[in-house]
Amino acid sequence: VKVVAVDAELNVFYEDSVHFDKDLQEFGTQGGVHVHKDGLTVTSPVLMWVQALDIILEKMKASGFDFSRVLALSGAGQQHGSVYWKTGASRVLTSLSPDLPLHKQLQACFSVSSSPVWMDSSTTAQCRRLEAAVGGAQALSCLTGSRAYERFTGNQIAKICQQNPEAYSDTERISLVSSFAASLFLGSYAPIDYSDGSGMNLLQVQDKVWSRACLEACAPQLEEKLGLPVPSCSIVVGVLSSKGAISSYYVQRYGFPPGCKVVAFTGDNPASLAGMRLEEGDIAVSLGTSDTLFLWLQEPTPALEGHIFCNPVDPQHYMALLCFKNGSLMREKVRDESASGSWSEFSKALRSTEMGNGGNLGFYFDVMEITPEVVGRHRFNAEGGEVPVFPSAVEIRALIEGQFMAKRIHAEGLGYRVMPKTKILATGGASRNRDILQVLADVFGAPVYVIDTTNSACVGSAYQAFHGLAAGTDVSFSEVMKLAPNPKLAATPTPGASQVRDLRMWA
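Residues numbered from 1 in each chain as written. Predicted model: local features only at pLDDT ≥ 70, side-chain atom pairs only at ≥ 80, totals over all residues. Heavy atoms only, no water.

(A) Geometry of the overall build of the protein chain. Helix and strand counts for the protein chain stand at 21 helices and 23 strands. Relative to the 2.2 N^0.38 estimate, which gives 23 Å for 507 residues, the radius of gyration of the protein chain is 23 Å and therefore close to what a compact globule would have. Dimensions of the protein chain along its principal axes, counting C-alpha atoms only, are 70 × 50 × 45 Å. With 507 residues in all, the protein chain has 57% of them scored as buried. If you take every contact in the protein chain between residues at least 6 apart in sequence, the share linking residues at least 24 apart comes to 72%. About 20600 Å² of surface is accessible on the protein chain, with carbon and sulfur atoms providing 53% of the total. For the protein chain, the distance from the average site of its 42 positive side-chain charges to the average site of its 51 negative ones is 2 Å. (Helix = DSSP H or I, 4+ residues; strand = E, 2+ residues; numbered from the N terminus. Rg over C-alpha atoms; globule rule 2.2 N^0.38 Å. Buried < 20%, exposed > 50% of the residue type's maximum accessible area, 1.4 Å probe, protein only. Contact = heavy atoms within 4.5 Å. Areas by Shrake-Rupley, 256 points an atom, 1.4 Å probe, with all protein chains shown as cover. Lys, Arg positive; Asp, Glu negative; His and termini not counted. Charge placed at Lys NZ, Arg CZ, Asp CG, Glu CD.)

(B) Expanded view of helix 16 (residues 343–352). Every buried residue of helix 16 is listed here: Phe-346, Ser-347, Ala-349 and Leu-350. Along the long axis of helix 16, the arc covered by the buried residues comes to 155°, so they all point the same way. Turned more than 90 degrees away from the buried face of helix 16, the exposed residues are Ser-344, Arg-351 and Ser-352. Looking at the packing, one finds that the buried side of helix 16 touches helix 15 (328–338), helix 17 (392–413) and helix 18 (434–444). (Arc of directions from axis to C-beta.)

(C) Region of interest: the packing of aromatic side chains. Enumeration according to the criterion identifies 17 aromatic pairs in this entry. Measuring from ring centre to ring centre gives 5.7 Å for Phe-67 and Tyr-254, while their planes differ by 50°; the resulting arrangement is tilted. Here the residue Phe-67 occupies a position in the loop between helix 2 (46–62) and strand 5 (72–73), and Tyr-254 occupies one in helix 13 (residues 248–254), the gap between them amounting to 187 residues. On the basis of relative accessibility, which here comes to 3%, the residue Phe-67 falls in the buried class. For the ring pair Tyr-249 and Tyr-250, a centre distance of 5.0 Å and an interplane angle of 80° mean the geometry is edge-to-face. A single burial state applies to Tyr-249 and to Tyr-250, both of which are buried. Among the aromatic side chains, those forming a connected cluster through ring pairs are Phe-13, Tyr-14, Phe-65, Phe-67, Phe-185, Tyr-249, Tyr-250, Tyr-254, Phe-256 and Phe-265. (Phe/Tyr/Trp six-rings, centres within 6.5 Å; stacked < 30°, edge-to-face > 60°.)

(D) The arrangement of the packing of helix 17 against helix 18 in detail. Contact geometry for helix 17 and helix 18: axes closest at 9 Å, N-to-C directions at 45°. As far as their axial angle goes, helix 18 and helix 17 are oblique. Between helix 17 and helix 18 lies a crossing of right-handed hand. Every residue of helix 18 that contacts helix 17 at Arg-397, Ile-400, Glu-401, Phe-404, Met-405, Lys-407 and Arg-408 is listed here: Ile-436, Val-439, Leu-440, Val-443 and Phe-444. Among the residues forming the contact of helix 17 with helix 18, the class breakdown is 8 nonpolar, no polar and 4 charged. (Axes fitted to C-alpha atoms, helices over the stretch in contact; angles between N-to-C directions. Parallel < 35°, antiparallel > 145°, perpendicular 65-115°, else oblique. Left-handed = near helix turned anticlockwise from the far one by under 90°. Nonpolar A, V, L, I, M, F, W, Y, C, P; charged D, E, K, R; others polar.)

(E) Structural detail: the sheet that holds strand 4 (residues 42–45). Across the sheet, which stays open at both edges, the 3 strands sit in the order 3-4-8 with antiparallel pairing between neighbours. At either end of the open sheet lies a strand with only one pairing partner, and these are strand 3 (34–35) and strand 8 (114–116). As defined by bridge partners, strand 4 adjoins strand 8 across 3 bridges and the pair is classed as antiparallel. By the bridge assignment for strand 8, Pro-45 is matched with Ser-114. Running over the sheet, helix 2 touches strand 4 and strand 8 and is turned about 45° from strand 4. (Pairing = 2+ DSSP bridges.)

(F) Region of the structure containing the nonpolar core. If you look at the biggest cluster of nonpolar residues, it comprises 74 residues, and the most contacted ones within it are Leu-202 and Leu-226. When residues in this core are grouped by element, the largest group, 8 residues, is from helix 17. Not counting residues within four places of it along the chain, the set of residues in contact with Leu-202 comprises Thr-144, Gly-154, Ile-157, Val-209, Trp-210, Ser-211, Cys-214, Leu-215, Cys-218, Leu-222 and Leu-226. (Core = buried A, V, L, I, M, F, W, Y, C linked by side-chain atoms within 4.5 Å.)

(G) Spotlight on the side chain of Ser-232. Following the sequence through the fold, Ser-232 ends up in the loop between helix 12 (222–226) and helix 13. Among the residues examined, Ser-232 registers a relative accessible area of 4% and is labelled buried. One polar contact links the side chain of Ser-232 to the main-chain amide nitrogen of Ser-195, over a distance of 3.3 Å. Residue contacts for Ser-232: discarding those within four places in its chain leaves Asp-193, Tyr-194, Ser-195, Val-263, Ala-264, Thr-266, Pro-312 and Gln-464. (Polar contact = N/O pair within 3.5 Å; in protein donor to acceptor, adjacent residues only side chain to side chain.)

(H) Up close: the side chain of Asn-433. Looking at the element boundaries, Asn-433 is found in the loop between strand 21 (424–427) and helix 18. Overall, the relative accessible area of 11% leaves Asn-433 in the buried class. Within polar-contact distance, the side chain of Asn-433 engages the side chain of Ser-347 at 3.0 Å. Every residue in contact with Asn-433, bar those within four places of it in the chain, is listed here: Trp-343 and Ser-347.

(I) Here's a closer look at the pattern of salt bridges. With the rule as written, the count across this model stands at 17 salt bridges. Lys-333 is the salt-bridge partner of Asp-366, the closest N and O atoms lying 3.2 Å from each other. In this pair, Asp-366 is assigned in the loop between strand 18 (361–365) and strand 19 (376–380) and Lys-333 in helix 15, connecting sequence segments 33 residues apart. The salt bridge involving Glu-395 is made with Arg-379; its shortest N-O contact spans 2.8 Å. Taken together, the residues Glu-395 in helix 17 and Arg-379 in strand 19 connect sequence positions 16 residues apart. (Salt bridge = Lys/Arg side-chain N within 4 Å of Asp/Glu carboxyl O.)

Just geometry here; none of it tells us what the structure is for.
Given below as structure tokens:
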């Protein structure tokens, strides 16, 4: 659990965190989760999350943080996790005593004590059943933005309903991790927002309503357990409250002002889009252990690979997400093999080889890739013939060009098109390498900027809170964010790059 506070000029002035494994050792998690014996089921204790919130608020209080100045708050939760509130929990939530921490009062409030999270892959049977119910994987993608994925919430709910029907029957509300956290602050069940809700295989992304066919394929009485979804920039109102303000528990225990607004919490990926302040036509590229692309889309084309979500900062538009497992670890392997483990030698190789790599092209997947599902290293010479090895410098450029060309091809498959105003925001470890960023600029034909977003989801949540206060005046997110720190230009496309790129993409 992380916290960030920004002032009226959108400068971050407070940060802190609680680490599950270190600070809450009694729950025995590794990486914040429990991996079950089957190797497929992965869960987190709900009360660990609640206690972590207690700890971080107490740390803020001890540091002298002035809660009375907080005008609004929002948050992000790991996507695809779900929380199951037990029948009667709403009464506890609306009558919290400021004399006790949250975890002491909510111990008996969950019908499922360990929440399935995004790492869980135990619901393959439920995925196939859901796809069959709506006419296949592509039909489900067109409806909900994604084909059925094991970690997506609808399939997790279906599994719980089938394997633990008593717990499901005793559940009066199902929250995502994001709306669960919002509920804690609201003191009432908070609605699921459009953007996080579109990562469930349940929400019709075009119409922003629950799909009746998907609900019926997953579990009975599911719509009433989920509640109605809301725009991601809205001030949320609790089921049993109409004021849209923070629970009196936080006013009395920590000194929040009674009028502090709770803006809809969303998923960590949508919040990252907000934190990086993407605009129409922009791309965010996170170059980490895995590589992730966030795309701003006006007219999406749902596919069997990648995800279409509702846009968290503009309800009329969409965001796409593509994840590539062979990211920085693959780059580090080729660095070790072809550049003596030296990033400076790696960069020198990129500078010494020409754009297009003389027609040599490579695809490198040492672990089974997500997009697409393929494994192995595949090298092709200028004539299109597969070859076993490349010279070291050619190997390095083939890797980087191949990674970025694959990203562009899959992005265009989801409906993305580079626009004259497109900019690329690069984050993650590899974004510090300007020669890698130059290849990124050349392949996409757009300038690359870097921004310090080590906590992009958390900062994005603070931005969402700021935007939520202005939402009633119909001010756009970009207008509200004008005061935020600007990214720094790192690379512009090399003259002639578009001709080389188009020839290679066509080939």
